[in-house]
Amino acid sequence: MDGVYVGRNQQAVLMIVAFLWKRIMNMIPKDKLQHFALGVLSIACAVVALAINKVWGFGPTLAYTTTAVGVLYEFQQWYRHEGQPDPLDAAATALPGWLAWGVLKLVELRMF
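Residues numbered from 1 in each chain as written. Predicted model: local features only at pLDDT ≥ 70, side-chain atom pairs only at ≥ 80, totals over all residues. Heavy atoms only, no water.

Focus on the overall build of the protein
Here comes step 1: Per the secondary structure count, the protein includes four helices and zero strands.
Here comes step 2: Start at the N end of the protein and walk to the C end: the helices and strands fall as α-α-α-α.
Here comes step 3: The globule rule puts the C-alpha radius of gyration for 112 residues at 13 Å, and the 22 Å found for the protein is more than 25% above it.
Here comes step 4: Expressed as lengths along the three principal axes of its C-alpha atoms, the size of the protein is roughly 70 × 35 × 25 Å.
Here comes step 5: A total of 112 residues make up the protein; the buried ones form 15% of that total.
Here comes step 6: With an accessible surface of roughly 9,400 Å², the protein has 72% of that area assigned to carbon and sulfur atoms.
Here comes step 7: Each charge class in the protein was averaged separately, 9 positive and 7 negative side chains, and the resulting centres sit 12 Å apart. (Helix = DSSP H or I, 4+ residues; strand = E, 2+ residues; numbered from the N terminus. Rg over C-alpha atoms; globule rule 2.2 N^0.38 Å. Buried < 20%, exposed > 50% of the residue type's maximum accessible area, 1.4 Å probe, protein only. Areas by Shrake-Rupley, 256 points an atom, 1.4 Å probe, with all protein chains shown as cover. Lys, Arg positive; Asp, Glu negative; His and termini not counted. Charge placed at Lys NZ, Arg CZ, Asp CG, Glu CD.)

Right, here's the structure in full:
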């Protein structure tokens, strides 16, 4: 199959949507678009966290969340040219979640 056939009406609608999308994107400051993208990414991370919590529990969710925040913060530093991204900084951000998971495991073992 070479492609999907798009009729003239559909093509006209797609052209109008593309035109409006470009106009809207040009009207919104780049900073606001970046914040919007971060909001979408936050939703994706929250969905993953909920899935981890459902399957593996609260401790792994804490570890995942702090790791994601650390990695994403270092990524934004690289993207915005605000210093040198450092894997050790990401690890330092992630460490509290991993430690909390370990404490939860210790408490769980002593409780049962």
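Focus: the packing of helix 2 (residues 30-56) against helix 3 (residues 58-79)
Here comes step 1: In contact at an axis separation of 9 Å, helix 2 and helix 3 are set at 160° when each is read in the N-to-C sense. Between helix 2 and helix 3, the angle falls in the class roughly antiparallel. Both helix 2 and helix 3 take part in a crossing whose hand is right-handed. Contact residues: Lys30, Gln34, Leu41, Cys45, Val48, Ala49, Ile52, Asn53 and Trp56 in helix 2; Phe58, Pro60, Thr61, Tyr64, Thr65, Leu72 and Tyr79 in helix 3.
Here comes step 2: For the contact of helix 2 with helix 3, the class distribution of residues is 11 nonpolar, four polar and one charged. (Axes fitted to C-alpha atoms, helices over the stretch in contact; angles between N-to-C directions. Parallel < 35°, antiparallel > 145°, perpendicular 65-115°, else oblique. Left-handed = near helix turned anticlockwise from the far one by under 90°. Contact = heavy atoms within 4.5 Å. Nonpolar A, V, L, I, M, F, W, Y, C, P; charged D, E, K, R; others polar.)

Section: the packing of aromatic side chains
Each pair of aromatic rings is reported with the distance of its centres and the angle of its planes.
Here comes step 1: On inspection of all chains with the given rule, the structure shows three aromatic pairs.
Here comes step 2: On the numbers, 5.5 Å between centres and 40° between planes, the contact of Phe75 with Trp78 is tilted. Note that Phe75 and Trp78 are positioned in helix 3 at a spacing of three residues, about one turn of the helix.
Here comes step 3: Put simply, the rings of Phe75, Trp78 and Tyr79 pair up and form one aromatic cluster. (Phe/Tyr/Trp six-rings, centres within 6.5 Å; stacked < 30°, edge-to-face > 60°.)

Description of unusual backbone geometry
Here comes step 1: Positive phi, close to 55°, is recorded for His81, a residue that is not glycine.
Here comes step 2: In this structure, His81 sits in the loop between helix 3 and helix 4 (87-111).

Re helix 2
Here comes step 1: Along its 27 residues, helix 2 runs 38 Å from first to last C-alpha, staying within 8% of the 39 Å computed at 1.5 Å per residue.
Here comes step 2: Within the sequence span of helix 2, burial applies to Cys45, Ala49 and Ile52.
Here comes step 3: Looking at the buried positions of helix 2, the neighbouring elements they touch are helix 3.
Here comes step 4: Remark: Gly57 follows helix 2 within two positions and exhibits a positive phi of approximately 105°. (Expected span 1.5 Å × (residues − 1).)

Concerning the environment of Gly97
Here comes step 1: Residue placement: Gly97 occurs in helix 4.
Here comes step 2: Classification of Gly97 as buried rests on a relative accessible area of 3%.
Here comes step 3: Each C-alpha atom, one on Gly97 and one on Gln84, is 24 Å from the other, the two residues being 13 residues apart in sequence.
Here comes step 4: When sequence neighbours within four positions are dropped, the list of residues in contact with Gly97 reads Gly59, Leu62, Ala63 and Thr66.

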